[in-house]
Amino acid sequence: MTDVISVNHFHVDALYTGEDTELAAGLFPFVPLDAEGMPPVGADFIAHAIALGDDPALADLNVKKTLPVSAILTRLYRYALYAPHFEIPVSVKKEQKTARFLPGHLCKYGLQGPDAADPSFGPKRARVMVVGKSPGFQELNETNYLAGPSMQFLLHALQQNGLSTACRDWYVTAACKFLCPDAENTTVPTAWIKNCAVLLEQEIRLVQPDYILCLGTEATKTVLGIRGSVADLAGRAVPFNVVDADGNSREIHVMSIMHPAAVLRKPEAFEDFNAQVARFNDLLNGVTTTEEAVDHADIYTEAALVEMVDEMIADTSPNSNIIAVDCEWHGDYPTEPGAYLRTVQVSNKDKWARTIVLRHQGGTPAFKPDLSVVRRELTRLLKSTPERHVRVGGHFFRADLPWLIHFGVDVRPEYAPANTPEDVLHGGWDTSLMYHAVNECAKYGLDACSLRFTSAPVYWEDLTQWRKQQKKNKQPDEGFGDCPAYILHPYASYDADVTRRIMLKFYGTDGTDGILASDTHGQNCWRPYWLAHSASLAFLEMEMTGLVVDRQRADELTTLFMNTQARLLNEIREDLGWPDFNPKSQPQLAVALFGVEFSSRYTNPPNVPENACLLNLQPIKTTGKRPVLWNELRFRGLSPEDATPSTDKESLGILGHTNATAAKIRDYKFVSQVLQSVLRKPAVDDSGDFALTESGNFIYDKGLLGTAHADGKVRTHFFQTKETGRASSSRPPLQNLSKRRETDYKRILGAQYQ
């Protein structure tokens, strides 16, 4: 147990003893630690309480999920809740380091600057509660959550949205109330969040906010109690049940926005950040996005479809020829067995969309009399004529085009851009490329763009929940063929509707008064957009053409790499005298390379054979985001006895120059990387043998070969919206096919390399 004792404990003890207890309870309200619904007490608080004389049995109670309560624990937590200089030792990489806490406070005290009078920190009634990740050095030094450079972006956004005055009475705090005592560590471990969970719950109950604004992922997860991704919650108002100080349940609204630190790193992200703050302002002002008047409908019959197309063609209102098109399908690619187009949705006016239903859930035909009518009418609607110029587009529309083309509706000419960037009155469009031309650092998903540029509600929530349930049920993600119509059809209509709304935000009324003509910096972005759109059809051609796979050669390479991996593993185990040695186990690898004394640095130390021949080499560097050279540890005031050695490829490469076994381990990692990415081991049948096709080739579930379509081609998906301006690919990521290791493969494979 550490000898570090909080110097403030004596102040706590003096304040909360004898006759002062009742006074303290009045001045510093506190919900009992064992009140219903309170989270467990943090391990570091328990350890500190025991060090101060509390019953050691408290630790056992916490392990048994029983809420430990004691006078010392209560004093410590109360002081952490109210005192700006409270300190306790916390665990940092198996060490104990002193952490100084910063309690929450009203924003107006922070806005007065560091010379303001003591604001009497701690929970105070407020309509809005702002929760960040943790205080930074400047915030801690000035005892002010608004002091740091990143928070200036929040204050600027609040000012731009007319909240400068209102925010003064907001309460600001953090999920973790202290700065990491280890300068090398920038992450907030779960244990520290648990240490402060009681404090955050106290604040929610005592502040009694109607709204909580969460800054970033950690704050959102902590407040809502979510373990998975919260990326889809940005800018959304989430109803959330909380308990007040008297134990009464009530509903509040929680909104998550990006952390201002993300804007500090990328100032270009301020537009998105500011838009999310604007959404929060709308929430405060009662401007809800749960309902809006829209004209959405489904089309199942020839008569209804012909009437719709006639009306759209006859529409002479401005920009009625700008038609948003979106598709929902089932399958990986339209030529794959069992793949089909399920719906096509169109929109050519504000808050209006029609979903043409081709097939029911499960794939049975839905449209009457048959799909040839849909093909005919879509061609009539979407193809230009000498009398009528049609401008077709969508959001990442290139993903929909192969399905439309395979269905018999080729709108590539209508999607193509105008002949010159100066011609803004002709040509197709894509809102993802438009947004990228204006902001290279934004989030380009249609949900994020909808929140950013429209008043549409969170219409994708039901579909998101359905997909999560499918994943939970371990159903393959093959598209929307099995999605119920009551979920898919409203979502589909909104997709087309909001896409067109977003397009007109960028286009304006005639191409000269939209965001593309003048971004937030007054720059005209039509030319960069036009250049990106001009390349879009070339990317489409590459995607549709694909790469032909030589199955025989692929099987030969897979077999060669698997045999080489097995040979190297046997040689390594023989060299070490360790029959079950696993080079993929970091603890085993570290012990094999550097000696048995490193076993104690791992939670689950490996079982080393008695006669093992460990290499006992000198480590090269430490692990972590900021590795330190091993021979510089003492110069930096760090202890080699507490550091964890790195076993990455760089370290193995250096060690391999002087040790043959280390070189074999490095080669094993090279070969294993191939078998975990481009090549994968073949699938196994029920008898344990490699599964084969009728032609005698291996069957692959993963890797590059696992993505090959029935026609023997691998098709990737290209993205033009990377921050770097370069294209990327995924499903599968073909840009990862690097040649820089070919020299190593030639050396490792020897005569078998071809």
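Every value quoted in this text rests on a predicted model; they were computed, and no experiment measured them.

Trainee: Would you explain the overall build of the chain in this entry?
Mentor: The secondary structure content of the chain amounts to 27 helices and 18 strands. Taking the principal axes of the C-alpha coordinates as reference, the chain spans close to 90 × 75 × 45 Å. For the chain, buried positions account for 51% of its 754 residues. For the chain, long-range pairs separated by at least 24 residues make up 67% of all intrachain contacts whose partners lie at least 6 apart in sequence.

Trainee: What am I meant to see in unusual backbone geometry here?
Mentor: Trans peptide bonds make up most of the peptide bonds, and negative phi angles are found at most residues other than glycine. Residue Pro-369 is reached from Lys-368 by a cis peptide bond, and omega for that bond is 5°. Mapping Pro-369 onto the fold places it in the loop between strand S12 (352-357) and helix H14 (371-382). Of note, the amide linkage connecting Arg-731 to Pro-732 takes the cis form, showing an omega dihedral of -5°. In this fold, Pro-732 is placed in the loop between strand S18 (728-730) and helix H27 (742-749). Despite not being glycine, Lys-474 has its phi angle at roughly 60°, a positive value. When you line up the elements, Lys-474 lands in the loop between helix H19 (461-472) and helix H20 (485-507).

Trainee: So what exactly am I meant to see when it comes to the pairing of strand S10 (residues 322-330) here?
Mentor: Counting buried positions along S10 yields nine of nine residues, so the element is predominantly enclosed. By the alternation rule, side chains of S10 split into Ile-322, Ala-324, Asp-326, Glu-328 and His-330 and Ile-323, Val-325, Cys-327 and Trp-329, which are all buried. The pairing of S10 with strand S13 (residues 391-394) spans three bridges and is classified as parallel. Bridge assignment links Ile-322 to a residue of S13, and that residue is Arg-391. The sheet contact formed by S10 and strand S11 (residues 340-347) spans seven bridges and is antiparallel. Each bridged residue has a counterpart across the sheet, and for Asp-326 the counterpart in S11 is Gln-345.

Trainee: Can you help me understand the nonpolar core in this one?
Mentor: As a rule of thumb, nonpolar side chains are buried together in soluble globular proteins. Judged by nonpolar contacts, the single largest core of 72 residues is most densely connected at Met-308, Val-325, Ile-356, Leu-382 and Leu-516. Sorting elements by how many residues they give to this core places H20 first, with nine residues. Those residues in contact with Val-325, other than ones at most four positions away along the chain, are Val-344, Gln-345, Val-346, Leu-382, Val-392, Gly-393, Gly-394, Phe-397, Asp-400 and Leu-404. In this structure, Leu-589, Leu-652, Ala-662 and Leu-705 belong to the second largest nonpolar core, which totals 47 residues.

Trainee: What exactly am I supposed to notice about the sheet that holds strand S9 (residues 295-299) here?
Mentor: Through backbone hydrogen bonds, the strands of a sheet pair up, either in parallel or in antiparallel fashion. Spatial strand order, S9-S12-S11-S10-S13-S14: six strands in an open sheet with mixed pairing. Two strands in the sheet have a free side with no partner beyond their single neighbour: S9 and strand S14 (429-430). Inspection of the sheet shows S11 paired to S12 by four bridges, in the antiparallel sense. Residue pairing in the sheet places Gln-345 in a bridge with Thr-355 of S12. H20 contacts S9, S10, S11, S12, S13 and S14 of the sheet and is inclined by roughly 150° relative to S10.

Trainee: Explain the sheet that holds strand S7 (residues 237-243) to me, please; I cannot follow it from the model alone.
Mentor: Here six strands make up an open sheet; going across it, the order is S3-S5-S4-S6-S8-S7 and the pairing mixed. Edge positions in the open sheet fall to strand S3 (105-106) and S7, since each of these has one partner strand only. Direction of pairing for strand S4 (residues 128-132) relative to strand S6 (residues 211-215): parallel, over a ladder of four bridges. Counterpart to Val-130 in the pairing with S6 is Leu-213.

Trainee: I tried to follow the confidence of the model for the chain on my own but got confused; where do I start?
Mentor: A low pLDDT score tells you not to read the predicted coordinates there in detail. Here the chain shows a mean pLDDT of 89. Residues at 70 or above account for 92%. Confidence drops under pLDDT 50 across residues 1-19; counting only partners more than four residues distant or on other chains, this segment forms 33 contacts.

Trainee: I'm lost on helix H18 (residues 446-453) in this one. Help?
Mentor: Residues spaced three or four apart along an α-helix point in a common direction, a consequence of the helix completing one turn every 3.6 residues. The set of residues buried in H18 consists of Leu-446, Cys-449, Ser-450, Leu-451 and Phe-453. Elements that come into contact with the buried residues of H18 comprise helix H12 (270-284), helix H17 (431-438) and H20.

Trainee: Honestly, the pattern of salt bridges in this entry has me stumped. Any pointers?
Mentor: Scanning the entire structure with this criterion turns up 31 salt bridges. Via salt bridges that share partners, Glu-302, Asp-310, Arg-376, Glu-377 and Arg-380 belong to a single interconnected network.

Trainee: Would you explain the packing of aromatic side chains in this entry?
Mentor: Any two aromatic rings considered together are summarised by their centre-to-centre distance and by the angle between their planes. Tallied over the full model, the rule gives 33 aromatic pairs. Arranged with centres 6.5 Å apart and planes meeting at 90°, the rings of Tyr-211 and Phe-280 form a pair that is edge-to-face. Taken together, the residues Tyr-211 in strand S6 and Phe-280 in helix H12 connect sequence positions 69 residues apart. For Tyr-211, a relative accessible area of 14% gives the class buried. Each ring, one from Phe-698 and one from Tyr-700, has its centre 6.2 Å from the other, and the planes form 90°; the classification is edge-to-face. Just as Phe-698 is buried, Tyr-700 falls in that class too.

Trainee: I would appreciate a short explanation of the pairing of strand S2 (residues 95-100) in the present structure.
Mentor: Sheet faces and side chains relate simply in a regular strand, where the side chains alternate between the two faces. Strand direction decides the pairing type here: strand S1 (residues 87-92) and S2, joined by six bridges, are antiparallel. Bridge pairing in S2 places Pro-89 opposite Thr-98. Between S1 and S2, which pair antiparallel one after the other, the connecting turn spans two residues, and Lys-93 there sits at a positive phi close to 50°.

Trainee: So what exactly am I meant to see when it comes to the environment of Ala-43 here?
Mentor: Mapped onto the elements, Ala-43 comes out in helix H3 (residues 43-51). C-alpha of Ala-43 to C-alpha of Lys-194: the two residues are 151 residues apart in sequence and 8.0 Å apart in space.

Trainee: Would you take a moment to explain the packing of H17 against helix H21 (residues 526-545) for this structure?
Mentor: When two helices pack together, their arrangement is given by the angle between the helix axes and by the axis-to-axis distance. Between H17 and H21, whose axes approach to 8 Å, the crossing angle comes to 140°. With respect to H21, the element H17 is oriented oblique. Here H17 and H21 pass one another in a crossing that is right-handed. On the side of H17, the interface is formed by Leu-433, Met-434 and Ala-437, while H21 contributes Pro-528, Tyr-529, Ala-532, His-533 and Ser-536. The class makeup of the residues in the contact of H17 with H21 is six nonpolar, two polar and no charged.

Trainee: I'm lost on the environment of Val-254 in this one. Help?
Mentor: You can see Val-254 is positioned in strand S8 (residues 249-257). Spatially, the C-alpha atom of Val-254 lies 24 Å from that of Glu-139, the residues being 115 residues apart in sequence. In this structure, Val-254 is in contact with Ile-212, Cys-214, Val-223, Leu-224, Arg-236, Ala-237, Val-238 and Phe-240, ignoring residues within four places of it in sequence.

Trainee: Explanation requested: H21 in the structure shown.
Mentor: Look at H21: 29 Å from first C-alpha to last across 20 residues, which is about the 28 Å you get at 1.5 Å a residue. Considered for burial, the residues of H21 that qualify are Trp-526, Tyr-529, Trp-530, Ala-532, His-533, Ser-536, Phe-539, Leu-540 and Glu-543. On the buried face of H21, the contacting elements are helix H15 (401-407), helix H16 (412-415), S14, H17, H20 and strand S17 (717-719). Looking one or two residues past H21, Gly-546 carries a phi angle of roughly 75°, positive in sign.

About the criteria used
- Residues numbered from 1 in each chain as written.
- Predicted model: local features only at pLDDT ≥ 70, side-chain atom pairs only at ≥ 80, totals over all residues.
- Heavy atoms only, no water.
- Helix = DSSP H or I, 4+ residues; strand = E, 2+ residues; numbered from the N terminus.
- Buried < 20%, exposed > 50% of the residue type's maximum accessible area, 1.4 Å probe, protein only.
- Contact = heavy atoms within 4.5 Å.
- Pairing = 2+ DSSP bridges.
- Core = buried A, V, L, I, M, F, W, Y, C linked by side-chain atoms within 4.5 Å.
- Axes fitted to C-alpha atoms, helices over the stretch in contact; angles between N-to-C directions.
- pLDDT = per-residue confidence, 0-100.
- Salt bridge = Lys/Arg side-chain N within 4 Å of Asp/Glu carboxyl O.
- Phe/Tyr/Trp six-rings, centres within 6.5 Å; stacked < 30°, edge-to-face > 60°.
- Parallel < 35°, antiparallel > 145°, perpendicular 65-115°, else oblique.
- Left-handed = near helix turned anticlockwise from the far one by under 90°.
- Nonpolar A, V, L, I, M, F, W, Y, C, P; charged D, E, K, R; others polar.
- Expected span 1.5 Å × (residues − 1).

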